[in-house]
Amino acid sequence: MLKALQNLPILGNGLDKLAKINNKRVVNILYDAFKHMNPRDILILDDSPKDLEYVRQMALRAGEETKLSKNGHTVHYDSYGDQARDKKNTKVLMKYQEKTNGINSIDYYKGLHEMMDIMNGIMKDKTMIVSFYSLGPENSIFTRPALQITDSYYVTHSEQMLYRQGFKEFQKLKDPNEFYYFWHSQGYVDDKKVSVNLDKRRIYIDPYENRVFSANNQYAGNSLACKKLALRLAINEANNSDWLTEHMFIAGYSPVNGKRTTYFAGAYPSACGKTSTAMIPGSKIVGDDIAYLRINEAGKMVGCNIEQGVFGIIGGVNPEDDPEIFSAIESERELIFSNICYDEKKEAFWKDCGKENMPKEGINHYGQWKEGMTDGENNKVPISHKNSRFTLRISDLKNADKENLHNPDGVVISGIFYGGRDPDTNYPVSESLSWEHGVLMGAIIESETTFATLEKKVSIKPSIMAIGDFLIVPKGKYLQNHLKFGKRLKKAGNCPKIFSTNYFLKNEKGYLNTKLDKKVWVLWAEGRVHGDYEAIATPTGSIPKYEDLKTLFAQVFDGRVYTRKEYEEQFSLRVKKYLNKIKRMRKLYDPKIEKDIPIELYHELDRIEIQLKKLQKTKGDNISPFDL
Ligand code: OXD
Ligand code: MN
C-alpha cells in the first residue's frame, strides 16, 4: 500500500504512521501533492502531544509566530493585503452545466489548470506538513474527517487548536474514500514570513472530489481549510442529503435564577455579534461559528459544533463588553493572536481593549508602527487590524459547556436566531410566525458589510442566512432543504422556534441599544420557547410586550430601568422601511433569475406586504408597538 511513498523524503517515523492509517486514497493524495508541489521533505503528524508540541515550536522557529510575554501566547502576522477573506479569488470549480447565479465559479478544467500552474513547485525547499482532523466529535454521525496538507506551521498550529485531532478517526474510517482533503501553500514568503505573491492568491473549491486548493495566502479564512473551505464542501453534502450545514453558533441559555438550559443555534454574518451572542455572560458555549444540524431518532433537531476552538475578532473585546472572552485572552494559556500590536515588553494590544497603558508605537499588522502613521495609500494605520483575531480552545473558556462540547449526539436545539447589521428596519428581536416565516427571516438578512472580507466600501448587502458568502449550491436548493427539514420536525411535533435579532438599530445619535442588551433579547426568546411570555403578533414577527422587557432588563442588569420611550423607539414597526426591504428582496429572489426558490417564501413575502400595506393605510409609516 505504501510502496508509492517509500522513496519519498518522509521525516522520522512518518511512514509507520501512514501504515497505521492504511488508506490508499491518502497515499495517492500525498504522492500527487509531493510530485506537484515539490517540497524538500514531508512531515506526517499524528495526534500525539509530542507532535502537537513540535508544531508549536516550529511555528516559532520558522518565524510564522512570535512569542509574547504571557506564557503560551504567540502572535502571527498575515501579509498587509491578506488580512481578511478574499471573496473575489475564492471560486468553486464547476462543470459548465451547473453554473449558478450568485456563486463565484470558474470552469472546472480551466480553474484546475490555473491552480495546478500556480501550485507547481510551490513548496520548493519547504516541508510539506500533513495532519488529520475530525470535523465534529469522534464516533458521531455528524463527523467529517479531513486531511490537511500545508507548508505553514501557523496553519497547522491553528488547526490543531481549532479542530479535533483526527488521526484516530482516519484509522477507522467506515468508507476509506469519505473524507475532505486540502492542499494549501503560503507560497513565497519574505523576511517577515508573509506571503508575497498575493496577485496569485487563489482558493478553489472542488465539490466533485471533496477537496480544496488554496495558494499564496495565510489569513485563516483563506488558508485554514477546515474552517470556511470545508464549510462549503459540507454545505454541498448536506444539501444533497437531509441535514443542514450552517454558519451558526450553538449555546445554551438559562433564565435569571433559573436552572434549565435551552440551546439555540444562531446565524450572523461575520462581525455582527455571533461570537458575543454565543458568549453572553451566563451562557454555556458549545460553538461560535459552524454547526451541523440533524434530526435525531426522537425527531428532535440536534446540533454539534464541528470545531473545538474560536477564531474570534478581537477588536472591541474588553472587560466591560466581552468579559468572558477578555478574561480568557488575558490569562496564560495556548493562544494565537493575529494582526494585533505588541509593545517592547511583548504585551498585546488591540483597538478598544480597555487597557490603560496603550502604546504609541510597537509592531503590528503593518510592521513597525507609530501612532498616527499612514500606509502607502495614505490610510491611517490603526493600532490593530480591524479584522485582528485571537485563536483559542473553547474548553479554555470559563463558560464552555464542558458536558456537551464533545457530545457525539450533539445537543437538542430549541431555537434559532438570525441576525444582521441593520441600521434602520428590523426589530431588535422578534419571533417568526411559523417555520416558513422563520426560513424567510433567515433568507432576507441584510447586513452592512464589515471587515472580515477585503471589500473596501461599506454597503448594505443581502446575506442569506449569513451563509451567502459560502453557499456553493443554488439558493433555491438551499432554502428547499430548510423547508424540508422543518416539515420533518413539524411532523415529529418538535419544531424549534425561529427568531430574528438586530443589535444595530440606530438613530441620528447612535445605536439604540448597548452591546450587552442582547442578553435580554436572548432570554426573552428562551422564555418564549417555554411559553413564559406572551407576544404581540405583527406582520413581520411577534415582538415582546413592554412589561416583560421591563422585568427582564431589571433582572439582568441589577434594576436597570427600561423606559417606555426606549421600547417604543426600538420596537416600532417601520412599515415604509420594511416595504422597501420587501422590494429589494423581490429583486433578490426574482424568479426570472433565481430558479427553484420555494413558493412558500414568495407566499410569506406576499403576506407580509399585504398586511403591512393594510396597516399603513390606517396607522402610517411608523407604528408604535403600543398601537399594534
Ligand atoms: C469568520 C468569518 O472568520 O465568518 O468566522 O469570516
Ligand atoms: Mn464565521
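Look up a bit, the structure's there.
Residues numbered from 1 in each chain as written. Chains lettered and ligands numbered in written order. Predicted model: local features only at pLDDT ≥ 70, side-chain atom pairs only at ≥ 80, totals over all residues. Heavy atoms only, no water.

Enquirer: Sorry, what's going on with the overall build of the protein here?
Expert: If you tally the helices and strands in the protein, you get 17 helices and 35 strands. Of the contacts formed within the protein by residues at least 6 apart in sequence, a portion of 73% connects residues at least 24 apart. Here the protein displays about 25,300 Å² of accessible surface, and carbon together with sulfur accounts for 49% of that area. Counting 92 positive and 83 negative side-chain charges, the protein places the averaged centre of each group 3 Å from the other. (Helix = DSSP H or I, 4+ residues; strand = E, 2+ residues; numbered from the N terminus. Contact = heavy atoms within 4.5 Å. Areas by Shrake-Rupley, 256 points an atom, 1.4 Å probe, with all protein chains shown as cover. Lys, Arg positive; Asp, Glu negative; His and termini not counted. Charge placed at Lys NZ, Arg CZ, Asp CG, Glu CD.)

Enquirer: I tried to follow helix α1 (residues 14-21) on my own but got confused; where do I start?
Expert: In an α-helix there are 3.6 residues to a turn, and that puts residues three or four apart on one side. When we look at burial in α1, the residues that qualify are G14, K17, L18 and I21. Projected onto a plane normal to the axis of α1, the buried residues spread over an arc of 95 degrees and lie on a single side. More than 90 degrees from the buried face of α1, the exposed residues found are D16 and K20. If you follow the buried residues of α1, they end up packed against α2 (24-37), β1 (41-44), α3 (49-61), β6 (127-135) and α6 (167-171). Immediately beyond the C-terminal end of α1, within one or two residues, lies N22, with a positive phi of roughly 50 degrees. (Buried < 20%, exposed > 50% of the residue type's maximum accessible area, 1.4 Å probe, protein only. Arc of directions from axis to C-beta.)

Enquirer: Any chance you could explain the nonpolar core here in plain terms?
Expert: The tendency in soluble globular proteins is for nonpolar side chains to be buried as a group. Core analysis: the largest hydrophobic core is formed by 148 residues, its most contacted members being I329, F337, W350 and L479. It is helix α8 (residues 225-239) that contributes the most residues to this core, nine residues altogether. In this structure F337 touches L68, H73, T74, V75, H76, I314, I329, A348, W350, R389 and F390, once residues within four positions along its chain are discounted. By size, the runner-up hydrophobic cluster in this structure holds 39 residues, among which are I10, A33, M115 and F213. (Core = buried A, V, L, I, M, F, W, Y, C linked by side-chain atoms within 4.5 Å.)

Enquirer: What is the right way to look at the environment of T245 in this model?
Expert: With respect to the secondary-structure elements, T245 resides in strand β12 (residues 244-246). Each residue touching T245, except ones within four places of it in the same chain, is listed here: L231, A234, I235, A238, A291, Y292 and I467. Polar side-chain contacts of T245 include one of 3.0 Å to the backbone oxygen of A234. (Polar contact = N/O pair within 3.5 Å; in protein donor to acceptor, adjacent residues only side chain to side chain.)

Enquirer: Can you walk me through the packing of aromatic side chains in this structure?
Expert: Two numbers describe a pair of aromatic rings. These are the distance of the centres and the angle of the planes. For the coordinates displayed, the defined rule picks out 31 aromatic pairs. Pairing F132 with F167 gives two aromatic rings, centres 5.6 Å apart and planes at 75 degrees, and the pair type is edge-to-face. With F132 in strand β6 and F167 in helix α6, this pair connects stretches of sequence that are 35 residues apart. F167 matches F132 in its accessibility class, with the two residues each being buried. Their ring planes at 80 degrees and their centres at 5.7 Å tell us that W521 and F553 sit as a pair that is edge-to-face. With W521 in helix α13 (residues 518-529) and F553 in helix α14 (residues 546-556), this pair connects stretches of sequence that are 32 residues apart. Across the pair, F553 and W521 agree in class, each one buried. Taken together through their ring pairs, the aromatic side chains of Y427, W521, Y546, F553, F557, Y562, Y567, F571 and F626 make up a single cluster. Looking at K95, its charged tip hangs above the ring of Y208, at a distance of 4.6 Å from the centre. Between the NZ or CZ atom of K355 and the centre of the ring of F349, over which it lies, the distance is 5.0 Å. (Phe/Tyr/Trp six-rings, centres within 6.5 Å; stacked < 30°, edge-to-face > 60°. Lys NZ or Arg CZ within 6 Å of the ring centre and 35° of its normal.)

Enquirer: Sorry, what's going on with the site of ligand 1 here?
Expert: Looking at ligand 1, there are eight residues lining it, with R85, K228, S270, D289 and R389 nearest. Note that an oxygen atom of ligand 1 is positioned 2.6 Å from one of the side-chain N or O atoms of S270. R389 places a polar side-chain atom, nitrogen or oxygen, 3.0 Å from an oxygen atom of ligand 1. Coverage of ligand 1 by the protein amounts to 94% of the 210 Å² it exposes when considered alone. Classifying every residue of the shell around ligand 1 gives two nonpolar, two polar and four charged. (Near = heavy atom within 4 Å. Nonpolar A, V, L, I, M, F, W, Y, C, P; charged D, E, K, R; others polar.)

Enquirer: Sorry, what's going on with the packing of helix α11 (residues 435-443) against helix α17 (residues 599-619) here?
Expert: Between two packed helices, both the angle of their axes relative to each other and the distance between the axes serve to describe the pair. Relative orientation of the contacting elements α11 and α17 amounts to 85 degrees, with a least axis distance of 9 Å. In terms of orientation, α11 lies roughly perpendicular with respect to α17. On α17, the residues that touch E436, H437, V439, L440 and A443 of α11 are E600, L601, E604, L605, R607 and I608. For the contact of α11 with α17, the residue count by class is six nonpolar, one polar and four charged. (Axes fitted to C-alpha atoms, helices over the stretch in contact; angles between N-to-C directions. Parallel < 35°, antiparallel > 145°, perpendicular 65-115°, else oblique.)

Enquirer: I tried to follow the sheet that holds strand β18 (residues 309-313) on my own but got confused; where do I start?
Expert: Taken in spatial order, the five strands line up as β2-β3-β19-β24-β18 in an open sheet, and their pairing is mixed. Both outer strands of the open sheet, β2 (66-67) and β18, are each paired with one neighbouring strand and no more. Here three bridges tie strand β19 (residues 335-338) to strand β24 (residues 389-393), and the two strands are oriented antiparallel to one another. Directly across from I336, in β24, lies its bridge partner T391. (Pairing = 2+ DSSP bridges.)

Enquirer: Can you help me understand the coordination of the manganese ion (ligand 2) in this one?
Expert: Ideal geometry at a metal centre: 109.5 degrees between donors when four sit tetrahedrally, and 90 or 180 degrees when six sit octahedrally. Around the manganese ion (ligand 2), the donor atoms from the protein are K228 (NZ), H247 (NE2) and D289 (OD), and they sit 2.2 Å away. Sequence spacing of the donor residues for the manganese ion (ligand 2), all on one chain, is K-x18-H-x41-D. Highlighted residues: H247 in the loop between β12 and β13 (248-253) and D289 in the loop between β15 (284-287) and β16 (291-295), separated in sequence by 42 residues. The two residues H247 and D289 agree in class, both being buried. (Donors = N, O, S within 2.8 Å, 3.2 Å for Na, K, Ca; no water.)

Enquirer: Mind showing me how you'd approach unusual backbone geometry here?
Expert: The general pattern is negative phi for most residues beyond glycine and trans for most peptide bonds. One non-glycine residue, N22, lies in the positive phi region at around 50 degrees. Its location among the elements puts N22 in the loop between α1 and α2.

Enquirer: Got a minute to help me understand the packing of α13 against α14 in this structure?
Expert: Interhelical geometry of α13 versus α14 gives an angle of 120 degrees and a closest axis separation of 10 Å. It follows that α13 is oblique to α14 by the angle criterion. In terms of crossing hand, the pair formed by α13 and α14 is right-handed. Of α14, the residues touching α13 (which contributes K519, V520, W521, L523 and W524) are L549, L552, F553 and V556. (Left-handed = near helix turned anticlockwise from the far one by under 90°.)

Enquirer: Could you clarify how one ought to interpret the side chain of S134 in this entry?
Expert: Summarising the element assignment, S134 is placed in strand β6. There is a polar contact of 2.8 Å between the side chain of S134 and the backbone oxygen of G136. Setting aside its immediate chain neighbours within four residues, S134 contacts T143, R144, R164, Q165, G166, E169 and I306.

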